[in-house]
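# Fold and geometry: a report
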Amino acid sequence: RGELLETLMAGVGGVEGKEGEDVEEDVSCGLSSGSTPSTLTTVDGAALGRKERTERIAAAMRTILECVGDDPEREGLKKTPQRFAEALMYFTQGYEKTAAEELGAAEFDEDHHEMVVIRNIDVHSLCEHHMVPFLGKCHIGYLPNGRVVGLSKLARVADLFSQRLQVQERLTSQIADAVFEELQ
């Protein structure tokens, strides 16, 4: 796993804080043990359903529109807060599932010892620092060691983690960790 992660991370520098200090990034996904796809627990501990989260995002977007000097009630913007909220919920739906759920029962014992590679998986995510989109291609490879996973499931794991607020470096690590853990 170390070599796989090292290969995936090649050329990527560490994260630095003030005056060059290394900083540990928070990689939690926001799900608590009691969360379900329709309910997430917020950082402050509130359990919110999908509808309530969407409504809160829409209200925040109305505030943003006012703060930039526009009128959220004008014709062209009336439905924008709701549309934005629904789009953001779609772009971040990766918080509602786990890699184990995505990989499911697609693991098989197989006497295959050559490298398995799936290339050019399209990934799109939102940068967590500026909430702007980033796009890329993902390649996943692993040595089966007697266990294989369906190729389409690997693409789903890449989708799962890219549908969260991300940085490319963490996205790479999360995919590698999920594949490694699932094939153990």
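Use the structure listed above.
Conventions adopted
Here, residues in each chain are numbered from 1, in the same order as that chain's written sequence. Local features in this predicted model are restricted to residues whose pLDDT is 70 or higher, and side-chain atom pairs enter the listing and the counts only when it is 80 or higher, whereas totals over whole chains, interfaces and linings include all residues. As a rule here, side-chain values come from all non-hydrogen atoms in the structure, and water together with hydrogens is ignored. Put simply, DSSP marks the helices as runs of H or I at least four residues long and the strands as runs of E at least two long, and each gets a number from the N terminus on. A 1.4 Å probe rolled over the protein chains alone gives each residue an accessible area, and that area as a share of the maximum for its type sets the label: buried under 20%, exposed over 50%, partly exposed in between. The contact criterion used throughout is that any non-hydrogen atoms of two residues lie within 4.5 Å. Note that accessible areas follow from Shrake-Rupley with a 1.4 Å probe, and for residues the cover is restricted to the protein chains shown. One side-chain nitrogen of Lys or Arg within 4 Å of one carboxyl oxygen of Asp or Glu is enough to make a salt bridge. Fitted lines through C-alpha atoms serve as axes, helices being fitted only where they are in contact, and the angles separating the N-to-C directions of these axes extend from 0 to 180 degrees. When describing relative orientation, an angle under 35 degrees is termed roughly parallel and one over 145 degrees roughly antiparallel, while 65 to 115 degrees is termed roughly perpendicular and anything else oblique. Crossings are assigned a handedness: left-handed for a near helix turned anticlockwise from the far helix by less than a right angle, right-handed for a clockwise turn. Side-chain classes follow a simple rule in which Ala, Val, Leu, Ile, Met, Phe, Trp, Tyr, Cys and Pro form the nonpolar group, Asp, Glu, Lys and Arg form the charged group, and the remainder, Gly included, forms the polar group. Only Phe, Tyr and Trp rings are paired, with Trp represented by its six-membered ring, and only when their centres lie within 6.5 Å; those with planes under 30 degrees apart are stacked, over 60 edge-to-face, the remainder tilted. Strands qualify as paired when DSSP identifies two bridges or more between them.

Counting secondary structure elements, the protein chain contains 6 helices and 7 strands. Written out in order from the N terminus, the α and β elements of the protein chain read α-β-β-α-α-α-β-β-β-β-α-β-α. Counting only residues that meet the buried cut, the protein chain has 34% of its 184 residues in that class. For the protein chain, the proportion of contacts with a sequence separation of at least 24, taken over those separated by at least 6, is 63%. Accessible area of the protein chain: about 11,600 Å², with a carbon and sulfur share of 53%.

Our focus in this paragraph is the pattern of salt bridges. Taken as a whole and assessed by the stated rule, the structure comprises 7 salt bridges. Among the salt bridges present, the one from aspartate 70 reaches arginine 74, with a minimum N-O distance of 2.8 Å. A relative accessible area of 39% places arginine 74 in the partly exposed class. We note a salt bridge from arginine 147 to aspartate 109, for which the minimum N-O separation is 2.7 Å. Here arginine 147 is found in strand β6 (residues 147–149), whereas its partner aspartate 109 is found in strand β3 (residues 107–109), with 38 residues between them in sequence. When salt bridges that share partners are traced, they join Arg50, Arg53 and Glu96 into one network.

With that settled, consider the side chain of glutamine 163. Checked against the element boundaries, glutamine 163 lands in the loop between α5 (151–162) and β7 (165–166). When near neighbours in sequence (up to four residues on either side) are disregarded, glutamine 163 contacts Tyr90, Phe91, Thr92, Gln93, Gly94, Tyr95 and His124.

When two helices pack together, their arrangement is given by the angle between the helix axes and by the axis-to-axis distance. Viewed as axis vectors pointing N to C, helix α2 (residues 50–67) and helix α3 (residues 80–91) meet at an angle of 125°, and their least axial separation amounts to 8 Å. On the basis of the axis angle, α2 is oblique to α3. Our pair here, α2 against α3, has a crossing hand that is right-handed. From α2, Arg50, Arg53, Thr54, Ile57, Ala58, Met61, Arg62 and Leu65 reach across to α3, where they touch Thr80, Pro81, Gln82, Phe84, Ala85, Glu86, Leu88, Met89 and Tyr90. For the contact of α2 with α3, the class distribution of residues is 10 nonpolar, 3 polar and 4 charged.

Let us now look at the packing of aromatic side chains. All chains considered together, the criterion is met by 1 aromatic pair. On the basis of an interplanar angle of 65° and a centroid distance of 5.8 Å, the ring pair of tyrosine 90 and phenylalanine 91 is categorised as edge-to-face. Using a relative accessible area of 42% as the deciding quantity, one classes tyrosine 90 as partly exposed. Using a relative accessible area of 36% as the deciding quantity, one classes phenylalanine 91 as partly exposed.

Our next topic: unusual backbone geometry. Located in the positive-phi region is asparagine 120, a residue other than glycine, with phi close to 60°. Checked against the element boundaries, asparagine 120 lands in strand β4 (residues 116–127). The class of asparagine 120 is partly exposed, set by a relative accessible area of 41%. Residues other than glycine seldom take positive phi values, yet methionine 131 does so here, at roughly 55°. Residue placement: methionine 131 occurs in the loop between β4 and β5 (133–142). Residue classification places methionine 131 among the partly exposed positions, given a relative accessible area of 38%.

This part takes up the sheet that holds β5. With mixed pairing, the 3 strands of this open sheet are ordered in space as β5-β4-β7. Among the strands making up the open sheet, the edge pair consists of β5 and β7. Bridging between β4 and β7 involves 2 bridges; their strand directions are parallel. Bridge pairing in β7 links leucine 126 to leucine 165. Along the sheet, helix α6 (residues 168–182) makes contact with β5 and β7, crossing β5 at roughly 30°.

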